[in-house]
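# Survey of secondary and tertiary structure
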Amino acid sequence: MVDTEKAFGRFVPREFLHFLDIDNVRGVRLGMQTERKMTIMFADIRNFTGLSETMTPQENFDFMNSYLSQMEPMIVPFRGLIDKYIGDAIMALFPEGTDDAVQGALAMLERLKVYNEGRARAGYLPIRIGIGINTGIVMLGTVGGIGRMEGTVISDAVNLASRLEGMSKVYGVPMLISEHTLHSLEDPSRYCIRFLARSRVKGKLEAQSVYEVFDADPPRMLAAKKRTQKRFEEALAFYFVGDISRARTRLARCLEEVPEDAPARLYLNRCDDYLRNGHAEGVEENELTQTWSEECSSGVAEIDSRHRTRLSQMNALATAVRERRTNDTLPILDLIERGAQEQFAMEETLMQESRYAFLAEHLQQHRRFQTNLQRLSEEIKSETENPVCMAFRIKLLLMDWTVNHSTKTDRHLGHHLKSRSGG
């Protein structure tokens with residue numbers, strides 16, 4: 001029986017059974033489910049179709065097993081578990097901490113370098129992979145039918161992780177993370193991270209900020225991206241508000257120093273498309289203000305009222321910063337800070353009284369907002385940043401946080417409070 005359990009454990013991770021509060025695989029039943037906050041990773045081999053066409057079926061199997069046997073040991077030490085293999089793709093879950101996922105992904109990229117060295121010695125071409133990572137609350141459980149079922153996770157968070165993996169191919173980078181993942185890291189400054197894009201998923205109101213993690217870049221590229229990071233992010237701020245001329249100038253300067261910077265090259269081409277055709281991806285979607293909509297609602301009237309008020313204050317702040325109205329910015333910053341403190345204290349009381357299971361995760365998000373606000377406040381007071389770029393950072397780190405926090409984290413809390421009240 002022990003051997004049987006071990007054999008099944010290679011198909012159904014023991015951690016999966018633990019999440020469902022099951023001792024052994026015989027206890028698995030269709031429809032079992034539980035909610036957890038997790039970080040989801042998708043990793044995929046670039047141009048696998050073209051690569052596989054050059055191999056026989058046996059060579060395909062041998063290659064896949066060789067590659068996957070290199071990647072799995074990079075995931076497990078970081079408390080990750082492989083949910084499934086999807087052809088050449090890996091879907092992995094990290095239930096204990098967001099940093100585990102990022103560190104595991106970086107370990108995979110470092111291991112890939114060693115693996116490619118072995119392929120080169122054997123006369124094979126190197127391979128590249130793309131990784132997408134997102135963090136959120138997921139429903140974990142069993143799905144299927146009478147004759148066949150499997151364990152899986154279901155959530156918008158999973159869909160976004162998969163989308164990010166696909167976007168990594170478009171931007172020519174090995175690793176992308178969502179703003180949800182960024183805000184869930186213990187200390188984002190430990191990593192080399194730069195803002196890369198804004199993506200609006202079809203059918204969704206909230207735009208998602210996307211970030212590149214480039215710690216695993218070759219040393220020369222890594223150093224160059226660090227040197228040009230401020231200029232690159234300024235370029236993207238100008239790009240997204242439609243100041244294409246300033247964006248293009250900064251991108252061209254980045255490429256003079258880092259010609260291999262694929263995202264800078266992509267955005268430069270988009271700038272040229274805009275100058276020729278009057279249109280480029282994302283330019284019209286990102287004004288420096290954010291309008292509240294009932295679609296942003298969490299379902300808790302008091303929380304929504306405070307979010308609406310604070311969003312209005314942030315709009316006023318971004319406008320004042322952009323117009324260099326220094327005397328107006330400090331009072332608005334003070335209003336935002338005091339309002340956030342009052343709301344977060346109110347929400348904490350609600351969560352404690354209702355025994356909300358995700359209290360710690362919720363409070364971490366509040367701390368991230370306060371950290372972002374403090375950092376932006378210091379930058380605004382210093383008056384050393386370009387006002388347009390500063391206003392764009394307010395949108396990314398404060399407005400977007402508010403809308404996404406309301407529609408994701410607070411909405412989940414709202415459902416919890418409604419179920420507790422019997423509503």
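So, a few notes on the structure that sits alongside this text. (Residues numbered from 1 in each chain as written. Predicted model: local features only at pLDDT ≥ 70, side-chain atom pairs only at ≥ 80, totals over all residues. Heavy atoms only, no water.)

Here the focus is the packing of aromatic side chains. One pair of aromatic rings is described through two measures. These are the centre distance and the angle between the planes. In the structure shown here, the tally under the stated rule is 13 aromatic pairs. Between Phe63 and Tyr67 the ring centres are 6.4 Å apart and the planes differ by 20 degrees, which places this aromatic pair in the stacked class. Here Tyr67 and Phe63 lie together in helix α4 (residues 57-75), a separation of four residues that amounts to about one turn. When the ring of Phe240 is compared with that of Phe392, the centres are 6.0 Å apart and the planes differ by 5 degrees; the resulting orientation is stacked. Residue Phe240 is located in helix α8 (residues 219-240), and its partner Phe392 is located in helix α14 (residues 387-421); the two are separated by 152 residues in the primary sequence. Judged by relative accessible area, which is 2%, Phe240 ranks as buried. Accessibility expressed as a relative area gives 2% for Phe392, which makes it buried. (Phe/Tyr/Trp six-rings, centres within 6.5 Å; stacked < 30°, edge-to-face > 60°. Helix = DSSP H or I, 4+ residues; strand = E, 2+ residues; numbered from the N terminus. Buried < 20%, exposed > 50% of the residue type's maximum accessible area, 1.4 Å probe, protein only.)

Turning our attention to a nonpolar patch on the surface. Nonpolar side chains collect at one region of the surface, where Met139, Val143 and Ile154 lie side by side and expose about 230 Å² of accessible area between them. Examined against the element boundaries, Met139 turns out to sit in strand β4 (residues 129-144). (Patch = residues over 30% accessible without salt bridge, like charges linked within 9 Å, V, L, I, M, F, W, Y side chains within 5 Å. Areas by Shrake-Rupley, 256 points an atom, 1.4 Å probe, with all protein chains shown as cover. Salt bridge = Lys/Arg side-chain N within 4 Å of Asp/Glu carboxyl O.)

Okay, the pattern of salt bridges next. All told, the structure shown has 27 salt bridges when counted by the stated rule. For Glu281, the salt bridge identified is with Arg270, shortest N-O distance 3.3 Å. Residue Glu281 is located in the loop between α10 (262-277) and α11 (301-322), and its partner Arg270 is located in helix α10; the two are separated by eleven residues in the primary sequence. Judged by its relative accessible area of 9%, Arg270 falls in the buried class. The partner of Asp328 in a salt bridge is Arg325, with the nearest N and O atoms 2.4 Å apart. With relative accessibility at 33%, the residue Asp328 sits in the partly exposed group. Here the salt bridges do not stand alone but share partners, grouping Arg194, Glu212, Asp217, Lys225 and Asp261 into one network.

Moving on, we come to the nonpolar core. If you look at the biggest cluster of nonpolar residues, it comprises 96 residues, and the most contacted ones within it are Tyr67, Ile90 and Met175. A total of twelve residues in this core trace back to one element, the largest contributor, which is α14. Those residues in contact with Ile90 that lie beyond four places of it in its chain are Met41, Phe42, Ala43, Tyr67, Leu68, Met71, Ile75, Ile82, Lys84, Tyr85 and Met108. Among the nonpolar cores identified, the runner-up in size contains twelve residues, and Leu81, Val138, Ala157 and Val158 belong to it. (Core = buried A, V, L, I, M, F, W, Y, C linked by side-chain atoms within 4.5 Å. Contact = heavy atoms within 4.5 Å.)

These figures come from the coordinates and say nothing about function on their own.
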